[in-house]
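Residues per chain are reported as follows:
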Amino acid sequence: MNSERHTAAIDSAARSDSAELSRKPSARKIVQQNFSGTVVSSLRTFGRAVGMARDSVTGAASDVARGRFQWQEMLTQAWRLVTVTAFPAILMAIPFGVIVSVQVGNLIHNLGADSLLGATGGLGVIKQGAPMATGFLLGGAGAAAIAADLGARTIREEIDALRTMGISPVHRLVIPRMVAMLLVAPLLNILVIFVGVIAGYLVAIGGQGVTPGSYWATFGSFTTAADVWVSLLKALIFGFLVVIIACQRGVEAKGGPRGVADAVNAAVVLSVVSIVTVNLAMTQVTAMFLPTRLA
């Protein structure tokens, strides 16, 4: 009798354990749920960013047309961006121009075409180096400053206070920062081009044995105005992406100081990833429709 009861208890415990195991989700199901949740959340975030970009562009046009644009705030934010990006831009442009001249110069020297160093160095800086350096600087220092500022305002409930008073945070805070970024981005790109080309020129004539005349002759022969305009267009697009991402992450910050830090981190990472992706696409398009040719 006791043995039968013991056997029945064991069978009941086994059945309860098997039922409990069957109710537990499998590892595959957990991964699928987490992946689908992440994808849905990313799409929603992307949709909100697109909506903010649309509202910012249309709102900027309407504010300028009605004379309600925040000019003083825009100039203040532009100066703040200049102070955090100008000097690092010079420090980044010098080694980039030197590296291009040294690496490309060694290859060209082996091919016996030292006079083409001006063309290759100039095109490398103008087409890729300057817009990428501009985007990374704006995506690093600029995005961090904007996301930290707006994130702190959100945590202090200043954004909610603006909405309560009937003031749109997009018109009051986002649009001036967007216009400031679009103003600073091409200027920073021009600064990087100038410093990078001069640094490459000094290395070419000082360490590569290239004459100044041949350097500038090939530089002018292969570099066209279209290359400079494409570089400026890239800088504008990168700046627009950076400011929208930074503003969106800052306005949606939550969770106290930790939330502000997370917003800054997300703004920088997403800005850099967006810049690299867009630059790849634009490089392919410009290579197809604007190939390198003699000026």
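Note that the structure is predicted; figures quoted are calculated from it, not measured.

Asker: Explain the nonpolar core to me, and be specific about the residues and the numbers.
Answerer: Core analysis: the biggest nonpolar cluster contains 49 residues, and I146, M181, V243 and C247 have the highest contact counts within it. At the level of elements, α2 (27-66), α3 (71-111), α4 (117-155), α5 (158-164), α6 (169-207), α8 (225-251) and α9 (257-289) are the ones that each hand at least two residues to this core. The biggest single contributor to this core is α6, with 14 residues. Beyond its immediate chain neighbours, meaning those up to four positions away, V243 contacts I146, R177, M178 and M181. In this structure, L117, A204, V210 and Y215 belong to the second largest nonpolar core, which totals 6 residues.

Asker: Would you mind going over the environment of L241 in detail, with residue names and values included?
Answerer: As for its placement among the helices and strands, L241 is situated in helix α8. Through-space distance from the C-alpha of L241 to that of M178 is 9.5 Å; in sequence the pair is 63 residues apart. Discounting residues that sit within four places of it in the chain, L241 has contacts with S274 and V278.

Asker: Please give an account of α4 that cites residues and values.
Answerer: Taking 1.5 Å per residue, 39 residues should reach 57 Å; α4 reaches 53 Å between its end C-alpha atoms and fits that length. By the largest-angle criterion, G129 marks the main kink of α4, which is about 40 degrees, and a proline, P131, follows within four residues. E157 sits one or two positions beyond α4 and adopts a positive phi of about 65 degrees.

Asker: A description of the environment of T223 should follow, citing residues and the corresponding values.
Answerer: Here T223 lies in the loop between α7 (212-222) and α8. A relative accessible area of 12% places T223 in the buried class. Taking the C-alpha atoms as reference points, T223 and A119, 104 residues apart in sequence, are found 6.8 Å from one another. Within the structure, T223 has its side chain in polar contact with the backbone oxygen of F219 (distance 2.9 Å).

Asker: Any chance you could break down the packing of α3 against α6 for me, citing the residues and the numbers?
Answerer: Between α3 and α6, the shortest axis-to-axis distance is 7 Å and the interhelical angle comes to 25 degrees. The orientation of α3 with respect to α6, classified from their angle, is roughly parallel. Where α3 crosses over α6, the two elements pack in a sense that is right-handed.

What counts, and where the lines are drawn
Residues numbered from 1 in each chain as written. Predicted model: local features only at pLDDT ≥ 70, side-chain atom pairs only at ≥ 80, totals over all residues. Heavy atoms only, no water. Core = buried A, V, L, I, M, F, W, Y, C linked by side-chain atoms within 4.5 Å. Buried < 20%, exposed > 50% of the residue type's maximum accessible area, 1.4 Å probe, protein only. Helix = DSSP H or I, 4+ residues; strand = E, 2+ residues; numbered from the N terminus. Contact = heavy atoms within 4.5 Å. Expected span 1.5 Å × (residues − 1). Bend = angle between axes of the 7 residues up to and from the residue. Polar contact = N/O pair within 3.5 Å; in protein donor to acceptor, adjacent residues only side chain to side chain. Axes fitted to C-alpha atoms, helices over the stretch in contact; angles between N-to-C directions. Parallel < 35°, antiparallel > 145°, perpendicular 65-115°, else oblique. Left-handed = near helix turned anticlockwise from the far one by under 90°.

Nothing here speaks to function; it is all geometry.
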